[in-house]
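Report on the structure
Residue strings, one per chain:
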Amino acid sequence: MSSISGFVSKIGYAYDGDTGLRYVEIENPALKISARVFYVSPQVQVGQVVRLGTPIGVAQTLQTRYPGGIVDHVHLELGDRAGHKLDASTLIQQRFG
């Protein structure tokens, strides 16, 4: 699910040379932040507008890349326009804490 409202700005590969694991990037120009959701098989297209909570893809398994080493999960990275990583737990606490 989309972790922010905005538009799909990029769909890419999580690792160079590995076309199996993907990510979806969403930008919110009003908030000046972006979110990358890793390890999802995209069900959206670049340019598509999404709202917070909109399904954007199906979780992928990490077992091919990390057999028995990592539990399957979806990874979220938040960043600002300058490319700095943001602490999602701080943002969530500000909004819901």
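Shown above is the structure to which this text applies.
Below: a short report on this structure. The model shown is predicted, which means the values in this text are computed figures rather than measured ones.

1. Re the sheet that holds strand E7 (residues 75-80)
- The sheet built from six strands is open, its strands ordered E5-E1-E2-E3-E7-E8 with antiparallel pairing. The sheet is open, and its two edges are formed by strand E5 (49-50) and strand E8 (85-86), each paired on a single side.
- In terms of strand pairing, strand E2 (residues 18-28) meets strand E3 (residues 33-38) through six bridges, oriented antiparallel. Opposite Asn28, over in E3, you have Ile33 as the bridge partner.

2. Topic: the pairing of E7
- Pairing between E3 and E7: six bridges, direction antiparallel. Of the residues in E7, the one forming a bridge with Phe38 is His75.
- Pairing analysis gives two bridges linking E7 to E8, with the strands arranged antiparallel. Within E8, the residue paired with Gly79 across the bridge is Lys85.
- Taking the residues that link successive antiparallel strands as the turn, the E7-E8 hairpin has four residues, and the phi of Gly83 there is positive, at about 90 degrees.

3. Focus on the pattern of salt bridges
- The tally for this structure, following the rule as stated, stands at three salt bridges.
- The shortest N-O distance in the salt bridge between Glu25 and Arg36 comes to 2.6 Å. Highlighted residues: Glu25 in strand E2 and Arg36 in strand E3, separated in sequence by 11 residues.
- Here Glu25 falls in the buried class, since its relative accessible area comes to 11%.
- Here Arg36 falls in the partly exposed class, since its relative accessible area comes to 25%.
- Here Lys85 ties to Glu77 by a salt bridge, and the two come within 3.2 Å at their closest N and O atoms.
- Overall, Lys85 belongs to the exposed group, its relative accessible area being 60%.

4. Describing the pairing of E3
- With five of six residues buried, E3 lies mostly within the body of the structure.
- In textbook terms, the turn of a hairpin is the stretch between consecutive antiparallel strands, and for E2 and E3 this stretch comprises four residues, one of which, Lys32, has a positive phi near 60 degrees.

5. Describing the packing of aromatic side chains
- Across all of its chains, the model carries four aromatic pairs by this definition.
- Between Tyr15 and Tyr66, the ring centres sit 6.4 Å apart and the planes meet at 70 degrees, which makes this aromatic pair edge-to-face. Within this pair, whereas Tyr15 is found in strand E1 (residues 6-15), its partner Tyr66 is found in the loop between strand E6 (57-59) and E7, the two being separated by 51 residues in sequence.
- For Tyr15, a relative accessible area of 19% translates into the label buried.
- Geometrically, the ring pair formed by Tyr23 and Phe38 is tilted, given 5.1 Å between the ring centres and 40 degrees between the ring planes. You can see Tyr23 sitting in strand E2 and its partner Phe38 sitting in strand E3, a full 15 residues away along the chain. For the pair Tyr23 and Phe38, one class covers both residues: buried.
- Ring-pair connections join several aromatic residues into one group, and the members of that group are Tyr15, Tyr23, Phe38, Tyr39 and Tyr66.
- The ring of Tyr15 carries the charged tip of Arg65 above its face, separated from the ring centre by 3.6 Å.

Reading the values: the criteria
- By convention here, each chain's residues receive numbers from 1 onward along its written sequence.
- In keeping with the predicted nature of the model, local features appear solely for residues at pLDDT of at least 70, side-chain atom pairs appear and are counted solely at 80 or more, and the whole-chain, interface and lining totals rest on all residues.
- Only hydrogens and water are set aside; all other atoms, that is, all heavy atoms of the structure, feed into the side-chain values.
- Note on pairing: two strands pair once DSSP finds at least 2 bridges between them.
- Secondary structure elements follow DSSP: runs of H or I no shorter than four residues count as helices, runs of E no shorter than two count as strands, and numbering proceeds from the N terminus.
- Think of a salt bridge as a Lys or Arg side-chain nitrogen and an Asp or Glu carboxyl oxygen that are within 4 Å of each other.
- Buried, partly exposed and exposed residues are distinguished by accessible area as a fraction of the type maximum, computed with a 1.4 Å probe on protein chains only: under 20%, between the cut-offs, and over 50%, respectively.
- Two rings from Phe, Tyr or Trp (for Trp, the six-membered ring) form a pair when their centres are within 6.5 Å of each other. A pair whose planes differ by under 30 degrees is stacked, one over 60 is edge-to-face, and the rest are tilted.
- Either the NZ atom of lysine or the CZ atom of arginine qualifies as a charge over a ring when it sits within 6 Å of the ring centre and within 35 degrees of the ring normal.

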